[in-house]
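The lines below spell out each chain.
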Amino acid sequence: MSILNRYIGREFLNIFLLSISTFVVIYLIVDVLENINDFIRQGVPFSTTIEFFMFKIPLIMLQVAPVSTLLSSIVTLGILSKNSEIIAIMTSGVSIHRIIAPVIGISMLVSIGSLLGNESVLPYTNQRIKYIKSTGLEKKNPGGSFKQNRILYRSNSSIYNIN
């Protein structure tokens, strides 16, 4: 990995982490302000309320990751252009494709991470959010749980359980 790739990648990651954390904090503040009255009115313990919002953070991060990636790539390349670094790099014989390669590579990693997070982390956190919402806010009794690896098939005369 060349010095140029590390430099552009580091600049991109700094802006990406700043933007995603800013979006998550703003989203959480708005969400807390919208839902806090319901938690207070129902008498939900403070620890359960904190747990509810902590389980929402992965959902929020995966929702704002594409916007943060786009914003970070535009800002990174804009700052490089503003400081005439792109012109200096191109005059030394480096193509524009080589300049944006670290940005595209990190964006692809963010995309793959989002896919993995949507498939592995979000089902659990959404289940916990739904459980806290139903037992804490709506005061319902906890029902049965759904297992992802269990398939039930109903025919005319019987029910089959496939593991």
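Values in this document were obtained by computation on a predicted structure and should not be read as measured data.

## As for the nonpolar core
Phase 1 of the analysis: Formed by 25 residues in total, the largest nonpolar core has its most connected members in Ile-8, Ile-20, Val-24, Phe-39 and Phe-52.
Phase 2 of the analysis: Secondary structure elements with two or more residues in this core: helix 1 (3-42), helix 2 (46-82), helix 3 (85-91), helix 4 (96-120) and helix 5 (122-137).
Phase 3 of the analysis: With eight residues, the single largest contributor to this core is helix 1.
Phase 4 of the analysis: In contact with Ile-8, other than residues within four places in its own chain, are Thr-76, Leu-80, Ile-99, Pro-102 and Val-103.

## Details of helix 1
Phase 1 of the analysis: With 40 residues, helix 1 ought to run about 58 Å at 1.5 Å a step, and its terminal C-alpha atoms sit 56 Å apart, in line with that.
Phase 2 of the analysis: One or two steps after helix 1, the chain reaches Gly-43, where phi turns positive at roughly 70°.

## A look at helix 5
Phase 1 of the analysis: Taking 1.5 Å per residue, 16 residues should reach 22 Å; helix 5 reaches 21 Å between its end C-alpha atoms and fits that length.
Phase 2 of the analysis: Residues of helix 5 that are buried include every one of Leu-122, Thr-125, Ile-129, Ile-132, Ser-134, Gly-136 and Leu-137, and no others.
Phase 3 of the analysis: Each element contacted by the buried residues of helix 5 is listed here: helix 1, helix 2 and helix 4.
Phase 4 of the analysis: Downstream of helix 5 by one or two residues, Lys-139 has phi in the positive range, about 55°.

So, how was this worked out
Residues numbered from 1 in each chain as written. Predicted model: local features only at pLDDT ≥ 70, side-chain atom pairs only at ≥ 80, totals over all residues. Heavy atoms only, no water. Core = buried A, V, L, I, M, F, W, Y, C linked by side-chain atoms within 4.5 Å. Buried < 20%, exposed > 50% of the residue type's maximum accessible area, 1.4 Å probe, protein only. Helix = DSSP H or I, 4+ residues; strand = E, 2+ residues; numbered from the N terminus. Contact = heavy atoms within 4.5 Å. Expected span 1.5 Å × (residues − 1).

Any link to function would need more than the numbers given here.
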